[in-house]
Amino acid sequence: MSATARITARGEDRLRAGHPWIYRSDVRDVTGGSPGAIVRVTGAKDKPLGHALFSDQSQIVLRVVSRGDASVDGAFWRTRLEAAIRFRKALELDATAFRLVHGEADLLPSLIVDRYADVLVVQALSQGMDRLLPTLVPILVDLTGATGVLARNDPKVRLLEGLEQKVEVLFGSVPPTVAVREGPVAYDVDPWHGQKTGLFLDQRENRDAAARYARGRVLDCFSYNGGFGLRLAGVASEVDALDSSADAVARIAHNAARNGLANVKAREANVFDELRHLERENARFDTIVLDPPAFAKNKAAVPKALAGYKEINLRALRLLNPGGYLVTCSCSYNVDEAMFGQVLYEASVDSHTPVTVVEKRMQGRDHPVLLGVPETYYLKCFILRKLA
Ligand code: SAH
């Protein structure tokens, strides 16, 4: 008899509603399942519902990978990975770095795969995916022709699964820097130590969108490796890029030089302090980008996060020339689009600035949102115009 998890009626409802996560309180019992095993999921009267990855540590005990009776074997995973890769090909992205697998939204819960030229960077964020890596990596190599696969298994969420945080090569070789291109911008990326898997790939299309409006003097706040700033430099007279990390600032300067962009100045600064300082100096900009880290990592942090978003947006609106554009983002899943929109409205009222919404955007198409799984929609990006 194979390992089986029996779930409650509420768990069944959730599954029917399209969500792949079953929490501990909706699991009646699990028999024969070792940590990270693929288990059969059954409902009332032992009706078979599908298969799931089992975790004996997380509150998310089951992550459903298939519905009905289909068996979950090597061919099954190959089909899933093929579908994810085929979709990215169909997008015809103008970049050599992009996301190949976006977890739940590719029906591969808790698995991330990003492509940086010939290198794949993977993250296995549950016991089940961790255990599956030896099965998945050869399939990924076969499907992509990658010459190296790096596991960036250092995110903190792995601790909730009782998994260790580690970075290791799983296939071939992975150099300390990889050269990639995103639209017109060439980057040297450090997949070993960079944030996330090296770059913020989810903003690619928002950078392109911003380039449609940006002009004049540009202020790129929370710049990291210069994602927005370098993309906008071609249409700007000058770009000031700010980040609190010295390492990030060094990379902006390096990548600016690599692209022959002489109008980009990067400096290490705390954006909260610097916006205040620029205001005192009466500085003015034609375009401002705000792309902060997630201020609300959990529900309890939401009120403070909203105050933080309001403060930077209020100050940015004051610093903009009339007719100028504010490209403003939130990647906090716990602050949804409506809440973020409300914060922006309040910032416009408090800065006495009439503002129009030029575009309302989200994460790039290679990071799809699965309907019914709100956790897959985390990045909001509004392009605003200050009228007067
Ligand atoms: N805009 C970037 C991604 C930004 S990620 C891109 O397009 O690629 C958020 C960045 O904010 C990180 O690089 C982090 O170092 C920086 N950061 C966090 N808190 C900060 C603060 N208070 N002031 C300035 N930078 C900060």
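Please refer to the structure placed before this passage.
All values derive from a computational prediction rather than experimental measurement.

A. Examining the overall build of the protein more closely. Across its full length, the protein holds 10 helices and 20 strands. Dimensions along the principal axes, computed over C-alpha positions, put the protein at roughly 75 × 45 × 35 Å. Among the 388 residues that make up the protein, the fraction classed as buried is 56%. For the protein, long-range pairs separated by at least 24 residues make up 63% of all intrachain contacts whose partners lie at least 6 apart in sequence.

B. Structural detail: helix 9 (residues 302-319). Along its 18 residues, helix 9 runs 26 Å from first to last C-alpha, staying within 8% of the 26 Å computed at 1.5 Å per residue. Against the buried residues of helix 9 lie helix 8 (271-280), strand 17 (285-290), strand 18 (320-330), helix 10 (337-350), strand 19 (355-362) and strand 20 (380-386).

C. Highlighting the site of the ligand. If you check the shell around the ligand, you find 16 residues, and the closest are Arg 207, Phe 222, Asp 243, Val 271 and Asp 291. Between the ligand and Asn 270, the relevant distance is 3.3 Å, taken from a nitrogen atom to a side-chain nitrogen or oxygen of the residue. Note that a nitrogen atom of the ligand is positioned 2.9 Å from one of the backbone N or O atoms of Val 271. When the ligand sits alone it has 580 Å² of accessible area, and the protein chains cover 89% of it. Classifying every residue of the shell around the ligand by side-chain character gives seven nonpolar, six polar and three charged.

About the thresholds
- Residues numbered from 1 in each chain as written.
- Predicted model: local features only at pLDDT ≥ 70, side-chain atom pairs only at ≥ 80, totals over all residues.
- Heavy atoms only, no water.
- Helix = DSSP H or I, 4+ residues; strand = E, 2+ residues; numbered from the N terminus.
- Buried < 20%, exposed > 50% of the residue type's maximum accessible area, 1.4 Å probe, protein only.
- Contact = heavy atoms within 4.5 Å.
- Expected span 1.5 Å × (residues − 1).
- Near = heavy atom within 4 Å.
- Polar contact = N/O pair within 3.5 Å; in protein donor to acceptor, adjacent residues only side chain to side chain.
- Areas by Shrake-Rupley, 256 points an atom, 1.4 Å probe, with all protein chains shown as cover.
- Nonpolar A, V, L, I, M, F, W, Y, C, P; charged D, E, K, R; others polar.

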